[in-house]
Amino acid sequence: MNTPTRPPYTEFIPVIGVAGLAIALQNNTLFGSVGIYGSAVLLGIATMLLLRGIVKIRRSLIPIQSTPSIEAFTATLPVSVSLLAIAYSGYVATSAVAYIVWVVASVLQLGVAGYSVHRWLTYVSSAKKSPTPEYSPSMLFPSIGLLLIPIIGVQYLPLALTWSIVLIGLGMTFIASVILISQPRARRPLLPQNGIWLSASMVTGISLYSLSGSVLLLEAMTVGSLFILVLLLFHLKDLRTPLHFMWWGLVFPLASSSVALGMTYTTTHIVAYGMVGAGLTVVGALLMMLLSLRTRLNLAIA
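Just so it is clear, the model here is predicted, and its values are computed rather than measured.

Visitor: Tell me about the overall build of the protein, and name the residues and values.
Guide: For the protein, the helix and strand inventory stands at 10 helices and zero strands. Contacts in the protein between residues at least 24 apart in sequence constitute 82% of all its contacts with a sequence separation of at least 6. When the accessible surface of the protein is totalled, it reaches about 14000 Å², and 71% of it is carbon and sulfur.

Structure (structure tokens):
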């Protein structure tokens, strides 16, 4: 029997990073027409990677329940689709395409959120009866998925319902953070896995801005999130380790930071935000190309 060398959910991690970069290029006007065309190319690549991942998951010989983090498996696909919906909306905001993709992503993500809460409650109730399971920052994927829903869903859902979804997402972020912090230090991963904390913070700011329209709130969340980025820089020593597939987990945090900074630049007209956002986009794109070569990523669906 052939056994894949990594858990099946990781097939969607590149999709999340590439789709995030596509959105980042859309939102930063400093890139001009280069950003528009580049975003379209990345959107196409992300869509192909999504289809490729679905095909590979269906052929996987690893039972889903045997993966280290069931939340990661169940959440990466909906998050990928959510990001694609947002990216599509940048081109076809009045088309049914973005709406259909968004509906699919929302239904999947709400189901994932409920299942994740069930898993967490099971963990709490069985913690004294069995060894503490190993969790990773990928637990934050379900909450990030919920926070992504209102970004374009604010056009389709009642305001009270979108606020409820965001509050649930923030609550799940807090619960996941408590579980992760309570783990022994030796089990806490460093860069690149810890980059998901940056994504959660940046996406929270974007989601709250989409609902409230408060520029001050967006700017405050973005600047506060940059503090997490500074903290991650203390783990740059991890860059001396060989690049492997899980380094794709760092592309989305860079992309989400770029999106938040690009939106802050657009609303405040402070060029520094736009420049930093553009710089992070370039770094993310370079990392994406390097990882594509290093991990031999291809778009073949068959």
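Visitor: Explain the side chain of Ser256 to me, and be specific about the residues and the numbers.
Guide: On the secondary structure map, Ser256 appears in helix H9 (residues 251-268). On the basis of relative accessible area, Ser256 is assigned to the buried category, the value being 5%.

Visitor: An account of a nonpolar patch on the surface is needed here, citing residue identities and associated values.
Guide: Taken together, the side chains of Tyr99, Ile100, Val104, Leu108 and Tyr156 define a hydrophobic patch exposed on the protein surface, amounting to about 430 Å² of accessible area. Examined against the element boundaries, Tyr99 turns out to sit in helix H4 (residues 96-126). Residue Tyr99 is classed as partly exposed on the basis of its relative accessible area of 37%.

Visitor: Can you tell me about unusual backbone geometry, naming the residues and giving the values?
Guide: Within the chain, His269 stands out as a residue other than glycine whose phi angle is a positive 60°. Taking the relative accessible area as the measure of exposure, His269 reaches 62% and is therefore exposed.

Visitor: Quick one: what's the story with the confidence of the model for the protein, residue by residue and with numbers?
Guide: Looking at the protein, pLDDT values average 76 and 73% of them are 70 or higher. Put simply, helix H3 (residues 70-89) is where the protein has its lowest mean pLDDT, 64, and H9 is where it has its highest, 90. In this model, residues 61-71 is a region of pLDDT below 50 whose contacts with residues beyond four sequence positions or in other chains number 21 contacts.

Visitor: Outline the nonpolar core, supporting the account with residue identities and numerical values.
Guide: By size, the foremost hydrophobic cluster in this structure holds 74 residues, and its most contacted members are Val18, Leu42, Leu83, Ile144, Leu148 and Trp248. In terms of residues, this core owes the most to one element, helix H1 (residues 13-27), which gives 10 residues.

Visitor: Please set out the environment of Tyr209 residue by residue, giving values where relevant.
Guide: Checked against the element boundaries, Tyr209 lands in helix H7 (residues 195-212). Looking at Tyr209, the relative accessible area reads 19%, which means it is buried. Sequence-wise, Tyr209 and Thr264 are 55 residues apart; in three dimensions their C-alpha atoms are separated by 9.9 Å. With residues up to four places along the chain from it excluded, the contact list for Tyr209 reads Ser214, Val215, Leu218, Met263 and Thr267.

Visitor: Residues and numbers for the packing of H7 against helix H8 (residues 215-233), please.
Guide: For the pair H7 and H8, the least separation of the axes is 9 Å and the interaxial angle reads 175°. Classified by the angle their axes make, H7 and H8 are roughly antiparallel. In this structure, H7 uses Gly195, Trp197, Leu198, Ser201, Met202, Thr204, Gly205, Ile206, Leu208, Tyr209 and Ser212 to contact H8, whose residues at the interface are Val215, Leu217, Leu218, Met221, Thr222, Ser225, Leu226, Ile228, Leu229 and Leu232. Looking at the contact of H7 with H8 residue by residue, the classes come out as 14 nonpolar, seven polar and no charged.

Visitor: I'd like to hear about helix H6 (residues 159-181), residue by residue, with values.
Guide: Three or four residues apart is the spacing at which side chains of an α-helix point the same way, because the helix has 3.6 residues per turn. In this model, H6 (23 residues) spans 33 Å end to end at C-alpha, consistent with the 33 Å of a helix rising 1.5 Å per residue. Every buried residue of H6 is listed here: Thr162, Ile165, Val166, Gly169, Met172, Thr173, Ala176, Ser177, Ile179 and Leu180.

Visitor: Describe in detail the packing of H6 against H7, supporting the description with residues and values.
Guide: Relative placement of two packed helices is described by the angle separating their axes and the distance separating the axes. Two elements in contact, H6 and H7, have axes whose closest approach is 11 Å; the angle formed by their N-to-C orientations is 165°. When the interaxial angle is binned, H6 and H7 end up roughly antiparallel. Read as a crossing pair, H6 and H7 show a hand that is left-handed. Residues Leu159, Thr162, Trp163, Val166, Leu170, Ser177 and Leu180 of H6 pack against Trp197, Thr204, Ser207, Leu208, Leu211 and Ser212 of H7. The class makeup of the residues in the contact of H6 with H7 is eight nonpolar, five polar and no charged.

Visitor: Which residues make up helix H5 (residues 141-153), and what are the values?
Guide: Relative to the 18 Å expected for 13 residues at 1.5 Å per residue, H5 spans 18 Å between its end C-alpha atoms, a close match to the ideal helical length. Along H5, 13 of the 13 residues are buried, which leaves the element largely enclosed by surrounding structure.

Visitor: Give me the environment of Phe252: which residues, what numbers.
Guide: Position of Phe252 relative to the elements: it lies in helix H9. Classification of Phe252 by relative accessible area gives buried; the value is 6%. Taking the C-alpha atoms as reference points, Phe252 and Val15, separated by 237 residues in sequence, lie 9.1 Å from one another. The contacts of Phe252, once residues within four sequence positions are left out, are Ile16, Gly17, Gly20, Leu83, Ile144, Ser199 and Val203.

Reading the values: the criteria
Residues numbered from 1 in each chain as written. Predicted model: local features only at pLDDT ≥ 70, side-chain atom pairs only at ≥ 80, totals over all residues. Heavy atoms only, no water. Helix = DSSP H or I, 4+ residues; strand = E, 2+ residues; numbered from the N terminus. Contact = heavy atoms within 4.5 Å. Areas by Shrake-Rupley, 256 points an atom, 1.4 Å probe, with all protein chains shown as cover. Buried < 20%, exposed > 50% of the residue type's maximum accessible area, 1.4 Å probe, protein only. Patch = residues over 30% accessible without salt bridge, like charges linked within 9 Å, V, L, I, M, F, W, Y side chains within 5 Å. Salt bridge = Lys/Arg side-chain N within 4 Å of Asp/Glu carboxyl O. pLDDT = per-residue confidence, 0-100. Core = buried A, V, L, I, M, F, W, Y, C linked by side-chain atoms within 4.5 Å. Axes fitted to C-alpha atoms, helices over the stretch in contact; angles between N-to-C directions. Parallel < 35°, antiparallel > 145°, perpendicular 65-115°, else oblique. Nonpolar A, V, L, I, M, F, W, Y, C, P; charged D, E, K, R; others polar. Expected span 1.5 Å × (residues − 1). Left-handed = near helix turned anticlockwise from the far one by under 90°.

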